[in-house]
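# Chains, contacts and geometry: an overview
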Amino acid sequence: MKIFFVSLGCDKNLVDSEQMLALLLRDGHTITDDESEADVIVINTCCFIGDAKEESIEAILEYAKYKESNCKALIVAGCLATRYKDEILEEIPEIDAIIGTTSTDKIVEAIDSALKGQETKIFDDINRLPMIEEKRVTSTGGYYEYLKISEGCDKHCTYCIIPKVRGNYRSYPMDYIVKQAEQLAESGVKELILVGQEVTMYGVDLHKGRGKGKKRLAELISKLAKVEGIEWIRLLYCYPEEIDNDLIEAMRTEPKVVRYIDMPVQHVSDSILHMMGRNMTESKILKTIKKLRNAMPDICIRTTLITGFPGETEYDFNVLKDFVNEQYIDRLGIFTYSEEEGTPAAKFTQKVPEEVKQQRKDALMALQQKVSKKINKGFVGQKMTVIIDGYLPEDDVYVARSYRDAPNVDGNVFITLNENDSRELMSGTFLDVVITDSSEYDLIAKTVQD
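Reading the values: rules and limits
- Going along each chain's sequence as written, the residues are numbered from 1 onward.
- Local features in this predicted model are restricted to residues of pLDDT 70 or higher, and side-chain atom pairs are both shown and tallied only at a pLDDT of 80 or more, whereas totals for entire chains, interfaces and linings draw on every residue.
- Think of the side-chain values as coming from all heavy atoms in the structure, minus any hydrogens and water.
- Cavities and pockets were defined on a 1 Å grid built from protein atoms only: a cavity is a group of points that admits a 1.4 Å probe but offers it no way out, a pocket is an open group of points flanked by protein on both sides within 12 Å along at least five of seven lines, and a lining residue is one with an atom within 4 Å of any such point.
- Grid points are joined across faces, edges and corners, and a volume is the space filled by probe spheres set on the points.
- Residues are grouped as follows: nonpolar covers Ala, Val, Leu, Ile, Met, Phe, Trp, Tyr, Cys and Pro; charged covers Asp, Glu, Lys and Arg; every other residue, Gly included, is treated as polar.
- A run of H or I in DSSP counts as a helix once it spans at least four residues, and a run of E counts as a strand once it spans at least two, with each numbered from the N terminus.
- When accessible area is computed with a 1.4 Å probe and restricted to protein chains, residues below 20% of their type maximum are described as buried, those above 50% as exposed, and intermediate ones as partly exposed.
- Contacts between residues were defined by any pair of non-hydrogen atoms, one from each residue, lying within 4.5 Å.
- When DSSP finds at least two bridges between two strands, those strands are taken to pair.
- Only the contacting stretch of a helix is used when fitting its axis, a line to C-alpha atoms as for every element, and angles between N-to-C directions run 0 to 180 degrees.
- Working rule for angles: under 35 degrees goes down as roughly parallel, over 145 as roughly antiparallel, 65 to 115 as roughly perpendicular, anything else as oblique.
- One side-chain nitrogen of Lys or Arg within 4 Å of one carboxyl oxygen of Asp or Glu is enough to make a salt bridge.
- Two rings from Phe, Tyr or Trp (for Trp, the six-membered ring) form a pair when their centres are within 6.5 Å of each other. A pair whose planes differ by under 30 degrees is stacked, one over 60 is edge-to-face, and the rest are tilted.

Turning our eyes to something else, we now look at the layout of surface pockets. Counted as a void, the largest pocket has a volume near 1300 Å³. Lining the largest pocket we find 45 residues, and of these Cys 10, Lys 12, Phe 48, Tyr 237 and Phe 335 sit closest to its centre. Residues that form the lining of the largest pocket fall into these classes: 25 nonpolar, 11 polar and 9 charged. Here the second largest pocket is characterised by a volume of approximately 170 Å³. Broken down by secondary-structure element, the contributors of at least two residues to the lining of the second largest pocket are helix H2 (50-64), strand S14 (331-336) and helix H13 (354-377). When the residues that make up the lining of the second largest pocket are grouped by side-chain class, the tally is 3 nonpolar, 3 polar and 4 charged.

Below is the structure:
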């Protein structure tokens, strides 16, 4: 069968999609990038916030139209399928099969069943951990890849639906992760980006006996750094309360671990943090930032903030503004609060109007733009190592990333060749450049001649 595959949502979802693609190829199917010629269409959905849910529903409705022509089966997988498994088939009868987040290893079974005309629902226990050994189909360009080291979350923040659609926190076995890293390296991957709902808790469940075990992310990093061919290891989604001395020391001393950390704090006002169910306070957040910077003065810290959480007052918002103005966070993403049914926060009564949420987001982004511009200006004249992401022929410049830039969420380094440099640079190439100019979010550079 010719299969057209759509992957929506986060990088963790992308890992699931790539693993499902591998299973489909192993079963003899082929992958097409033309939906009009597909026998089967698979959509791996997201439902983390309202916009993601809307995007998933729109995609399902769009591709459902192909059931009128060539498409023999429409399969819906992922978070939206898990969260609304009872409603989705009723509302969109064109769907032939739905599979849950813990049943990704059964994608072939779902397609086979759907093609036989059987209405199919495959949902394993929400705390099952699917183990797919097949070598993944890489879809990111081949030189960087996301490596999911855990599944689910135990935090139960009041605004978040993830534990209900992804289950409790489960770490993948270390040997399984290292094997995946080795397979990716054999395929030409040079940058591993470790992801999970919360990577800093890795390993707490990989122990014998009762209670929680020791966090083992530092140990995992050490093993991954030994994989031949891997040159950069990047950490995403490290909750501040779980960043310990072992992790900081591993980041500081292991050359392959780039000095970059995605540390979502969501807010810094103590009252809002309490209502969010976060085991954090402003003072603890600031202490963690200080520890990271003391250990690694060149570290790049990325975080995310939410404006308009129920009960957020003008005072709480001013606390956020002070944080942005004073802490000089290198990378900052800001979201307006999205009310999600089934979460405790959805029942909170002190709603913040949508226009106020947006105004507060815009104000913070304006502040951060000034911060980011000043930070970037400080790199002018410096030498940096970057990885090439591509080439823009119309501008005759290469697009690259430094250690300070995660793919698709941070800035770029735009490079022109030195006048004596006639090289043709391939994506995935590491090289040294000199920063010649900067803007709010990007850097401008020239290559360095030997």
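Looking now at the environment of Ile 329. Here Ile 329 shows up in the loop between helix H12 (314-327) and S14. Accessibility expressed as a relative area gives 2% for Ile 329, which makes it buried. The spatial distance from the C-alpha of Ile 329 to the C-alpha of Gln 368 is 8.2 Å, given a sequence separation of 39 residues. Not counting residues up to four positions away in its chain, the partners in contact with Ile 329 are Ile 289, Arg 293, Ile 301, Thr 303, Phe 323, Gln 368, Val 371 and Ile 375.

Taken together, the 3 bridges between strand S16 (residues 397-402) and strand S17 (residues 413-416) define a ladder with antiparallel strand orientation. For Tyr 398, the partnering residue across the bridge sits in S17 and is Ile 415.

Moving on to unusual backbone geometry. Positioned with a positive phi, Tyr 237 is a non-glycine residue whose angle comes to about 70 degrees. Assignment of secondary structure puts Tyr 237 in the loop between strand S11 (232-235) and helix H9 (245-253).

What follows deals with the packing of helix H8 (residues 217-224) against H9. Packing of H8 against H9 leaves a shortest axis separation of 8 Å and a crossing angle of 20 degrees. The angle between the axes of H8 and H9 places the two elements in the roughly parallel class. Across from Leu 217, Ala 218 and Ile 221 in H8, the residues of H9 making contact are Asp 246, Leu 247 and Ala 250. Looking at the contact of H8 with H9 residue by residue, the classes come out as 5 nonpolar, no polar and 1 charged.

On to the pattern of salt bridges. Applying the stated criterion across every chain yields a total of 39 salt bridges. In this structure, Arg 302 and Asp 262 form a salt bridge, with 3.7 Å as the shortest nitrogen-oxygen distance. Of the two residues, Arg 302 is situated in strand S13 (residues 300-307) and Asp 262 in strand S12 (residues 257-262); the sequence distance between them amounts to 40 residues. You'll find Arg 302 and Asp 262 in the same group, each marked buried. The salt bridge partner of Glu 354 is Lys 357, with a shortest N-O separation of 2.8 Å. With Glu 354 and Lys 357 both in helix H13 and 3 residues apart, this pair spans about one turn of that helix.

What follows deals with the sheet that holds S17. In any sheet, the strands associate via hydrogen bonds between backbone groups, in a parallel or an antiparallel arrangement. What the 5 strands build is a closed barrel, ordered S15-S16-S17-S19-S18; its pairing is mixed. Strand-to-strand, the axes of this sheet are offset by a mean angle of 50 degrees, without reference to chain direction. Sheet topology places strand S15 (residues 383-392) next to S16; 6 bridges connect them, and they run antiparallel. Considered in S16, the bridge of Ile 388 is made with Ala 400.

Below, the discussion takes up the packing of aromatic side chains. In the structure shown here, the tally under the stated rule is 10 aromatic pairs. Pairing Phe 309 with Phe 348 gives two aromatic rings, centres 6.1 Å apart and planes at 80 degrees, and the pair type is edge-to-face. Of this pair, Phe 309 sits in the loop between S13 and H12 while Phe 348 sits in the loop between S14 and H13, placing them 39 residues apart in sequence. Overall, the relative accessible area of 0% leaves Phe 309 in the buried class. Given the relative accessible area of 24%, Phe 348 is considered partly exposed. When the centroid spacing of 4.8 Å and the interplanar angle of 45 degrees are considered together, the rings of Tyr 391 and Tyr 398 count as tilted. For Tyr 398, a relative accessible area of 7% puts it in the buried group.

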